[in-house]
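Inside the fold
Listed below are the residues making up each chain.
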Amino acid sequence: MVGSKVLVLGGGFGGVQAAITTRAALDSRHEVTIIDQHRITHLCGMNPLLIVGEQDANKTGRSLGRLSNRGVKFLEAHVNSINTQDQKVITSAQTLDYDYLVIALGAQYDWNAVPGSKDAYSFYDFDYARRMRRRLSRLKRGKIVLAAAKPPYKCPPAPFETAMILNWWARKKGIRKNIEISVYIPEPGPLGVAGKEASTRVRNALEQRGIELITQAGVVEVSPNGREASFADGSSTFADVISTIPVHKIPDVVADSGISKGKPWVPVNSKTLETSSENIFAIGDVNIVPSGEFAIPKAGVFASGQGRKVGEIISSRINQSDIPDPYDGIGLCYLSYSGGRSAMVGGKFLTDSGPETTLSDPTVSGKKHKDRFERDWRNFKI
Ligand SMILES: Cc1cc2nc3c(=O)[nH]c(=O)nc-3n(C[C@H](O)[C@H](O)[C@H](O)COP(=O)(O)OP(=O)(O)OC[C@H]3O[C@@H](n4cnc5c(N)ncnc54)[C@H](O)[C@@H]3O)c2cc1C
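A few words now on helix α4 (residues 158-173). For α4, with 16 residues, the first-to-last C-alpha span of 22 Å sits near the 22 Å given by 1.5 Å per residue. Among the 16 residues of α4, 12 are classified as buried, and the element is accordingly described as predominantly covered. If you check which residues of α4 are buried, you get A158, P159, F160, E161, T162, A163, M164, I165, L166, N167, W169 and A170.

Here it is, written out as structure tokens:
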């Protein structure tokens, strides 16, 4: 039998898990290659603690070069185009062909969608987060605004988690009475994807901490000096630090390939994560998997679960072994209320009766779970 070529585009949560799972189930005739524009990738989930100086910036990354220990080839290159007709991917380094393709390129930030946001602060990107950390380290008084533009955005709990971490940090520094914290979101309430009860609990948690929440007010502009934000409800506010959650969109290279058929995200079969083209899969933030009135959230735990499933499916096709169980849409994310306590939120997103989700209380052991999750991520166990 001739060996098969499995090509994975993107070395984030989803891509790495797909590559590792596929490789582990194949013999050495077959090739698994992963491509990413960065050798070192960072865990965004560490950004909320990073911006308040409670996370070492040198300990948020992992090197994809280490995947060679597991028999996965890594190519550091930019994916320039995907040609599904000829089964080729053109990168800044070389052109590669494939038998099986996994698209795991995540979501692209559209900084131009909200004028002024590119030059404002953000905690949604590692470099932006480091800049925000420098600003916050000098802040003694004033107003901090966290402002989301429009759904969907990665990790729906992140704006609320970050607001609560800012509250904890300001209290710890003894400056809380001098700091106002406001969160503006486009949705009617926080964390709608996790259900009504979870949404109310998050709303209450913010209120108890003196954090202002303004709903149905997506940010539409930040002034050139970064000190005034305007919102979709016609309101505006001045602040000392305005941090936006950028508009997310499908990466240009994926849209250009035609695989999304002009849709905002790549449609896939929710049981197999396969696109409308046979043996081409799309996993993680780049796809859409409907769940009730929402979709499976854009979070690393789901990207990773989808990567594992796709790895099982591809290897079963190559090995001509039993068809794996369908993708289950199960996943739990963390929502930290401080540097010491985290809750867990999530559940089953693909049951016949709709999503079954819960939000636990924030606990010290929840934070320990989160720390373990981050360690496992660094060691390629997630
Ligand atoms: C502040 C914040 C907190 C979060 N907290 C959590 C959390 O607690 N738990 C959780 O589960 N999730 C969390 N997330 C969400 C999580 O980070 C994402 O959902 C997850 O990374 C998605 O995985 P992915 O594999 O789909 O894409 P990504 O991890 O984004 O990986 C995509 C990869 O593709 C590469 N790439 C993109 N385009 C190209 C190209 N043209 N050429 C080459 N390479 C390319 C990128 O460099 C990147 O490495 C958080 C996100 C943020 C922003």
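Having seen the structure, we can now continue with the description.
Neighbouring strands of a sheet are bound in pairs by backbone hydrogen bonds; such pairs are parallel or else antiparallel. Across the sheet, 5 strands lie side by side as β5-β2-β1-β9-β20; this open sheet has parallel pairing. If you trace the sheet from one side to the other, it starts and ends with β5 (73-76) and β20 (280-282), each paired once. The sheet shows a mean angle of 20° between the axes of neighbouring strands, taken without regard to direction. Sheet analysis places strand β9 (residues 100-103) next to β20, joined by 3 bridges and oriented parallel. When the bridges of β20 are listed, V102 appears paired with F281.

Residues in a regular strand project their side chains so that they alternate between the two faces of the sheet. As judged from the 3 bridges shared by strand β14 (residues 219-222) and strand β15 (residues 228-231), these two strands associate in the antiparallel manner. Residue pairing for β15: V222 is matched across the bridge by A229. Linkage of β14 to β15, two consecutive antiparallel strands, is achieved through a turn of 5 residues, within which G226 is found at a positive phi near 75°.

This part covers the site of the ligand. By nearness alone, 29 residues border the ligand, and G14, D36, V79, G300 and V301 come closest of all. A distance of 3.3 Å separates an oxygen atom of the ligand from a polar atom in the backbone of F13. The backbone of V79 places a nitrogen or oxygen atom 2.8 Å from a nitrogen atom of the ligand. Expressed as a share of its isolated accessible area of 990 Å², the protein-covered part of the ligand is 91%. Counting residues per element, the ones that place at least two in the shell around the ligand are α1 (13-25) and α7 (300-319). The element best represented in the shell around the ligand is α7, accounting for 3 residues.

For the protein chain, the assigned domains are domain 1 (5-37 + 77-107 + 250-326) and domain 2 (111-246). Taking the mean C-alpha position of each, domain 1 and domain 2 sit 32 Å from one another. Counting residues at the interface gives 6 residues for domain 1 and 7 residues for domain 2. Across the domain 1 to domain 2 interface the summed buried area is about 530 Å²; carbon plus sulfur atoms make up 74%. Of all residues in domain 1, F294, P297 and K298 give up the largest surface area on contact with domain 2, accounting jointly for 65% of the area buried on that side. Across the contact surface, domain 1 and domain 2 share 0 salt bridges. Between domain 1 and domain 2 we count 1 residue pair in polar contact (both at pLDDT 80 or more) in total. Taken together, the residues of the side of domain 1 that touches domain 2 sort by class into 4 nonpolar, no polar and 2 charged.

Definitions and cut-offs
Residues numbered from 1 in each chain as written. Predicted model: local features only at pLDDT ≥ 70, side-chain atom pairs only at ≥ 80, totals over all residues. Heavy atoms only, no water. Helix = DSSP H or I, 4+ residues; strand = E, 2+ residues; numbered from the N terminus. Expected span 1.5 Å × (residues − 1). Buried < 20%, exposed > 50% of the residue type's maximum accessible area, 1.4 Å probe, protein only. Pairing = 2+ DSSP bridges. Axes fitted to C-alpha atoms, helices over the stretch in contact; angles between N-to-C directions. Near = heavy atom within 4 Å. Polar contact = N/O pair within 3.5 Å; in protein donor to acceptor, adjacent residues only side chain to side chain. Areas by Shrake-Rupley, 256 points an atom, 1.4 Å probe, with all protein chains shown as cover. Domains from an automatic or database assignment. Contact = heavy atoms within 4.5 Å. Buried area = accessible area lost by both parts, 1.4 Å probe. Salt bridge = Lys/Arg side-chain N within 4 Å of Asp/Glu carboxyl O. Nonpolar A, V, L, I, M, F, W, Y, C, P; charged D, E, K, R; others polar.

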